[in-house]
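What follows is the residue order along each chain.
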Amino acid sequence: GGQCRLEHGHAHPFWPLHGIDGRPHSVKMYLPARTVQVLAKDRLLQGGVRLFVSEDFLAEHGVASLADVDVSMQVWQDGQQVMLPPVKFPADGCLHLEHNFDASFRLEGPEGKELRCLASKDGLFRAYFPGDYTISGLGYLSNGMPSPSAPGPQEPVEVEEAVAEEAAAEESAVVEEEQAVAEEEQAVADEA
């Protein structure tokens, strides 16, 4: 945004000066209509953008492994946005754009098939702030690192067994309680 006029502000933090009206951490700004000023602590803007791809995203697109995925970055050159040539996604599963404050990119699978971002009309993925992002599901960018893999085929069986064991334990407790009530009733009947 801002026809590249914002680059200086992204790379250079704004240090508090004297404040406004005796308030040391106040800033007075003129903002044009339909704009926003985002203020963030400098430490939150360190480290660049780190991109991960989840296994479910690869499976949804029929891609066998991350080795089959290329990434093309969209950058500003000579006042225009251009796509850089595709490069392989790193084998360790993390594309670290260490000096980027944001990232716009496209993913390509085997034979150049575009793996689109479903949240974007043009199919590009966009991260607007530094941090960790995971490409997930059918094609969206989620905040944070990928979650552990989905449960395997044995896990639901284990869950079903645990549920069956819990039901058996509850049934056993009900039977014991009924026996206790029956014994108590017998004791009351014997006293009478």
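Relevant structure appears above.
As a starting point, this report considers the structure included with it. Values in this document were obtained by computation on a predicted structure and should not be read as measured data. Counting restarts for each chain, with residues numbered from 1 along the sequence as it is written. With the structure being a predicted model, the display of local features is reserved for residues of pLDDT at least 70 and the display and counting of side-chain atom pairs for 80 or more, all residues being used for whole-chain, interface and lining totals. To obtain the side-chain values, all non-hydrogen atoms of the structure were used and water was disregarded.

Before going further, it helps to spend a moment on the packing of aromatic side chains. Centre distance within 6.5 Å is the pairing criterion for rings of Phe, Tyr and Trp, where only the six-membered ring of Trp is used; planes under 30 degrees apart are then read as stacked, over 60 as edge-to-face, and the remainder as tilted. Using the criterion set out here, one finds 2 aromatic pairs in the structure. With a centroid separation of 6.3 Å and an interplanar angle of 80 degrees, the aromatic rings of F57 and F125 are classed as edge-to-face. Note that F57 is positioned in helix α2 (residues 55-60) and F125 in strand β8 (residues 125-127), a separation of 68 residues in sequence. Residues F57 and F125 agree in their burial class; the two are buried. Consider the rings of F105 and F125, whose centres lie 5.4 Å apart with planes at 15 degrees: the pair is stacked. Secondary structure elements follow DSSP: runs of H or I no shorter than four residues count as helices, runs of E no shorter than two count as strands, and numbering proceeds from the N terminus. For every residue, the accessible area (1.4 Å probe, protein chains only) is compared with the maximum for its type, and the residue is labelled buried under 20%, exposed over 50%, or partly exposed between those bounds.

Let us look at the nonpolar core. Among the buried residues, those of types Ala, Val, Leu, Ile, Met, Phe, Trp, Tyr and Cys that are joined through side-chain atoms within 4.5 Å form a nonpolar core. Membership of the largest hydrophobic core comes to 22 residues, with the highest contact counts inside it found for L51, F57, V69, F89, F105 and L107. Beyond its immediate sequence surroundings of up to four residues, F89 is in contact with L51, F52, V53, L66, V69, D70, V71, C94, L95 and L107. The contact rule is simple, with two residues in contact once any of their heavy atoms fall within 4.5 Å.

Before going further, it helps to examine the side chain of T134. Here T134 lies in strand β9 (residues 131-136). Relative accessible area serves as the criterion here: at 2%, T134 is assigned to the buried category. If sequence neighbours within four positions are ignored, T134 has contacts with F52, S54, Y140, L141, S142, G144, M145 and P146.

On to the sheet that holds β9. Between any two strands, pairing holds if DSSP finds at least two bridges. Spatially, 4 strands are ordered β5-β1-β9-β10 in an open sheet, and the strand pairing comes out mixed. With partners counted over all chains shown, the strands left at the sheet margins are β5 (94-97) and β10 (140-143), one partner each. Each adjacent strand pair in this sheet contributes to an overall mean axis angle of 25 degrees, direction not counted. Where β9 meets β10, 4 bridges bridge the pair, whose relative direction is antiparallel. Paired with S136 across the bridge in β10 is Y140. Only C-alpha atoms enter the line fits that serve as axes; for helices the fit covers just the stretch in contact. Angles between N-to-C directions range over 0 to 180 degrees.

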